[in-house]
Amino acid sequence: METYPSKNIAITWVEKGSIARNLFLALGFAILTALSAQIRIVIPISPAPITGQTFVVLLSGLILGSTFGAISMLMYLFIGMSGLPFFSAGV
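Reading the values: the criteria
Residues numbered from 1 in each chain as written. Predicted model: local features only at pLDDT ≥ 70, side-chain atom pairs only at ≥ 80, totals over all residues. Heavy atoms only, no water. Helix = DSSP H or I, 4+ residues; strand = E, 2+ residues; numbered from the N terminus. Contact = heavy atoms within 4.5 Å. Areas by Shrake-Rupley, 256 points an atom, 1.4 Å probe, with all protein chains shown as cover. Buried < 20%, exposed > 50% of the residue type's maximum accessible area, 1.4 Å probe, protein only. Expected span 1.5 Å × (residues − 1). Bend = angle between axes of the 7 residues up to and from the residue. Axes fitted to C-alpha atoms, helices over the stretch in contact; angles between N-to-C directions. Parallel < 35°, antiparallel > 145°, perpendicular 65-115°, else oblique. Nonpolar A, V, L, I, M, F, W, Y, C, P; charged D, E, K, R; others polar. Patch = residues over 30% accessible without salt bridge, like charges linked within 9 Å, V, L, I, M, F, W, Y side chains within 5 Å. Salt bridge = Lys/Arg side-chain N within 4 Å of Asp/Glu carboxyl O.

**Here we look at the overall build of the protein chain**
Helix and strand counts for the protein chain stand at 3 helices and 2 strands. Along its sequence from the N terminus, the protein chain presents helices and strands in the succession α-α-β-β-α. Across the protein chain, the fraction of contacts at a sequence separation of at least 24, relative to all contacts at a separation of at least 6, is 60%. Summed over its atoms, the accessible surface of the protein chain is roughly 6400 Å², and 75% of this surface lies on carbon and sulfur atoms.

Structure below.
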């Protein structure tokens, strides 16, 4: 009977890193989320445009884990609320 590790390999890789490195990765995912929010896919059936932001949010949670994934999205929100054009259709 084969046993499987209980955690994802990417999450284990993040947990082994230092706090500074993990915060830098979280900032990188916040910036990647901002860039992907500017990419729009317009589908005639859908009343709202679809952005690449949803994919990056899920990817950050998968790679960074729940703690640093949430920190990444909080960084995204705070940077956007500071006035930088981070949100979708930001000019």
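**Comments concerning the environment of alanine 30**
Looking at where alanine 30 falls in the secondary structure, it is placed in helix H2 (residues 19–37). Alanine 30 gets classed as buried once you look at its relative accessible area, which sits at 0%. Remark: the alpha-carbon pair of alanine 30 and valine 56, spanning 26 residues in sequence, is separated by 9.0 Å. Leave out the neighbours within four places in its chain, and alanine 30 touches Ser72, Met75, Tyr76 and Phe86.

**As for helix H3 (residues 53–81)**
Between its first and last C-alpha atoms H3 spans 17 Å; for 29 residues at 1.5 Å apiece the expected length is 42 Å, and the helix comes up short by more than 12%. Of all the bends found along H3, the most pronounced is centred on glycine 65 and spans about 130 degrees. Of all the positions in H3, only Gln53, Val56, Ser60, Leu64, Gly65, Phe68, Gly69, Ser72, Met73, Tyr76 and Gly80 are classed as buried. Positive phi appears at glycine 83, one or two residues downstream of H3, with a value of about 120 degrees.

**A closer look at the environment of serine 72**
Secondary-structure assignment places serine 72 in helix H3. The spatial distance from the C-alpha of serine 72 to the C-alpha of glycine 61 is 8.9 Å, given a sequence separation of 11 residues. Each residue touching serine 72, except ones within four places of it in the same chain, is listed here: Ala26, Phe29, Ala30 and Leu64.

**A few points about the packing of H2 against H3**
Packing of H2 against H3 brings their axes to within 7 Å, and their N-to-C directions diverge by 85 degrees. The angle between H2 and H3 falls in the class roughly perpendicular. Among the residues making up the contact of H2 with H3, the classes are represented as 21 nonpolar, 6 polar and no charged.

**Focus: a nonpolar patch on the surface**
Taken together, the side chains of Leu74, Leu77, Phe78, Met81 and Phe87 make up a nonpolar region of the molecular surface, amounting to roughly 500 Å² of accessible area. Along the polypeptide, phenylalanine 78 turns up in helix H3.

**Digging into H2**
Helix length check: H2 (19 residues) gives 27 Å between terminal C-alpha atoms against 27 Å at 1.5 Å per residue, within 8%. The complete set of buried residues in H2 reads Asn22, Ala26, Phe29, Ala30, Thr33, Ala34, Ser36 and Ala37.

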